Amino acid sequence: MAKVTVRYWAAAKAAAGVAEEPYDAATLAEALDAVRARHPGELTRVLRRCSFLIDGDPVGTRGHETVRLADGGTVEVLPPFAGG
């Protein structure tokens, strides 16, 4: 189990009410399940539209259960940006 920081941007940050928080998870899917459990409601809806970076690398279309997280790593939660 890796200790990671989940960092929220834009609408995800507003929905979470925090800029970042720590989680213990082995995969991106586990981390996102934990995020949804901690923040039911609006953040769960926002996550459906987000893309993700793991330690600066885009996840793209890979299955979230296949994306392994490294201890001390960072998951960036990026909602679509207007004009971007």
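Computed from a predicted model, the values in this text were never measured in an experiment. Throughout, a residue's number is its position along its own chain's written sequence, starting from 1. It should be noted that, the model being predicted, local features are given only for residues of pLDDT at least 70 and side-chain atom pairs only at 80 or more, the latter also being counted only at that level, while totals for whole chains, interfaces and linings use all residues. Heavy atoms from the whole structure form the basis of all side-chain values; hydrogens and water molecules are not counted.

Draft legend 1. Layout of the overall build of the protein. Numbering goes from the N terminus for both helices and strands, where a helix is a DSSP run of H or I of at least four residues and a strand is a run of E of at least two. Looking only at helices and strands, the protein has three helices and five strands in total. Overall, the protein shows an N-to-C arrangement of helices and strands of β-α-β-α-α-β-β-β. The globule rule used for comparison is 2.2 Å times the number of residues to the exponent 0.38, while the radius of gyration itself is calculated over C-alpha atoms. Taken over the C-alpha trace, the protein has a radius of gyration of 12 Å; the compact-globule value for 84 residues is 12 Å, and the two agree within 12%. Residue burial is assigned from relative accessible area. The probe radius is 1.4 Å, only protein chains are included, and a residue is buried under 20% of its type maximum, exposed over 50%, and partly exposed in between. Counting all 84 residues of the protein, 39% fall into the buried class. A fraction of 58% describes how many contacts in the protein between residues 6 or more apart in sequence connect residues 24 or more apart. Using a 1.4 Å probe, accessible areas were evaluated by the Shrake-Rupley method; residue-level cover was limited to the displayed protein chains. Per element, the accessible surface of the protein, about 4700 Å² overall, is 53% carbon and sulfur. Note on contacts: a residue pair is in contact if any heavy atoms of the two residues lie within 4.5 Å.

Draft legend 2. Just the nonpolar core, in detail. Among the nonpolar cores identified, the biggest contains 23 residues, and Tyr8, Leu28, Leu43, Leu47, Phe52, Leu69 and Val77 are the most heavily contacted of them. Among the elements of the structure, β1 (2–8), α1 (10–16), β2 (20–25), α2 (28–38), α3 (42–47), β3 (51–54) and β5 (74–78) are those that each provide at least two residues to this core. To define a nonpolar core, start from buried Ala, Val, Leu, Ile, Met, Phe, Trp, Tyr and Cys residues and group those joined through side-chain atoms within 4.5 Å.

Draft legend 3. Local environment of the pairing of β1. With burial as the criterion, only one face of β1 is covered, namely that bearing Ala2, Val4, Val6 and Tyr8; the residues Lys3, Thr5 and Arg7 on the opposite face remain uncovered. The criterion for strand pairing is that DSSP finds at least two bridges linking the strands in question. In terms of strand pairing, β1 meets β2 through six bridges, oriented antiparallel. Paired with Val4 across the bridge in β2 is Tyr23. Bridge count between β1 and β5: four bridges; the pairing is parallel.

Draft legend 4. Spotlight on the sheet that holds strand β4 (residues 57–58). Read from one edge to the other, the open sheet built from five strands follows the order β2-β1-β5-β3-β4, with strand pairing classed as mixed. Each having just a single partner strand, β2 and β4 make up the two edges of the open sheet. Summarising the sheet, β3 and β5 pair through four bridges and their orientation is antiparallel. The residue bridging Leu53 from the neighbouring strand is Glu76, located in β5.

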